[in-house]
Structure formats: C-alpha cells, structure tokens
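So you can see what is in the structure, the chains are spelled out below.
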Amino acid sequence: MRLRQAARAVVLDPGDRILLVRFEFPAGTVWATPGGGLDVGETHEQAILRELEEEAGLVGCELGPWIWTRTHVVPFESGLWDGQVERYVLVRTQAFEPAPRFTPDELAAEFVTGVRWWTQAELAAAEVVFAPRRLPELVAALLRDGAPGEPVDVGV
C-alpha cells in the first residue's frame, strides 16, 4: 500500500482548549488536529511547524513529546495514496486567534474549511466526526494522565 507519512499536533492552550481544523471531504466533514503530509526531504518536526503556520498561523511554538500514532487507510481523492501514517505531537501554547497563512483558496484545495478552538465540554458533547474517532476520550486521558512515555496507537 502507498501510505503517506504525516505529522499532526494536539495544540492545547492554558485553558485546555484544543485547536481543531474542519475538513470538508466529498465523503463528509471531519474535525481533526492541524497537520498534514511530509514534503520531500522534510522531517516530522519540520512538517508540523510548516502545517501549523499554514493552517492556523501558529509560529514560534515549542514542540512537546510525540504522543500518538495512527494509520488511516482510505484512498485519497488524488489517487496518489491509499492512506497515511500519522504521528501526533503535543504542543502547549498561549491562546491565539487562528489566522492561517494560506489563503481561503489554498486551504480549500486541501479540503480545509475552518479552524477553531474547542473547550473540553464542547469536545465531549459534540456530535460530529473526529479524527481520530475517539478524540474526546483521548484528549481527556491526556489531560488526566499526562503524555505517555512512548507514542500510543490511537486507532482510526
């Protein structure tokens, strides 16, 4: 299978709000953490710093530990990939107003149609599709137990 390597960030502010991006795919809407595929020659660290700036306007942040992994098998619209292998890094930052560096057209080309902060209560009560699907439970465990010693496979 052709699996794209990707980096994602669990971005939390001092109030434990999480920053999520809305993806509008032909098959449906998904709320996920910021991030995306690695460019040729790019490390996971370089990719997530680039993606955070492109999708949310976050620059100069400090990356924490790599906390989760996820392999998602689903054919890409482009036909180039059969899915992707994601690594998730924890990022603690001050609250900020998301202001993507990408234009709305550039974001739309990547199926991104929104970015916003979610409180833990909103996350727990939401009736939307998240990626990973268990995101509210995973974030609650992260806040309760802290970062795992090694990245945990979080499933689909």
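Draft legend 1. Spotlight on the pattern of salt bridges. Scanning the model with the defined rule gives 14 salt bridges in all. Glu 51 serves as the salt-bridge partner of Arg 50, at 3.1 Å between the closest nitrogen and oxygen. An identical accessibility class is assigned to Arg 50 and Glu 51; each is buried. Arg 116 serves as the salt-bridge partner of Glu 122, at 3.5 Å between the closest nitrogen and oxygen. Accessibility expressed as a relative area gives 35% for Glu 122, which makes it partly exposed.

Draft legend 2. The arrangement of the pairing of strand E1 (residues 3-12) in detail. For E1, a buried count of seven out of 10 residues is recorded, marking the element as mostly surrounded by other parts of the structure. Two strands pair when backbone bridges link them, and E1 and strand E6 (residues 83-92) are joined in this way by 10 bridges, in the parallel orientation. Its bridge partner being in E6, Ala 9 is matched across the sheet by Val 89. Note: E1 against strand E4 (residues 35-37), three bridges, orientation antiparallel. Within the sheet, the bridge partner assigned to Arg 8 lies in E4 and is Gly 35.

Draft legend 3. Structural detail: the nonpolar core. Counting 17 residues, the largest nonpolar core has Val 10, Ile 18, Leu 20, Trp 68 and Leu 123 as the members making the most contacts within it. Those elements that provide at least two residues to this core are E1, strand E2 (18-25), strand E5 (63-73), E6 and helix H4 (135-145). The biggest single contributor to this core is H4, with four residues. Membership of the second largest hydrophobic core comes to 15 residues, among which are Ala 7, Val 11, Leu 19 and Ile 48.

Conventions we followed
- Counting restarts for each chain, with residues numbered from 1 along the sequence as it is written.
- With the structure being a predicted model, the display of local features is reserved for residues of pLDDT at least 70 and the display and counting of side-chain atom pairs for 80 or more, all residues being used for whole-chain, interface and lining totals.
- Note: side-chain values were computed over all heavy atoms of the structure, leaving out hydrogens and water.
- What counts as a salt bridge is simple: a side-chain nitrogen of Lys or Arg found within 4 Å of a carboxyl oxygen of Asp or Glu.
- Only protein chains enter the accessibility calculation, which uses a 1.4 Å probe; a residue whose area is less than 20% of its type maximum is buried, one above 50% is exposed, and one in between is partly exposed.
- Put simply, DSSP H or I for four residues or longer makes a helix, DSSP E for two residues or longer makes a strand, and each gets a number counted from the N terminus.
- Two strands are said to pair when DSSP picks up at least two bridges between them.
- Only buried residues count toward a nonpolar core, which is a set of Ala, Val, Leu, Ile, Met, Phe, Trp, Tyr and Cys residues joined through side-chain atoms within 4.5 Å.

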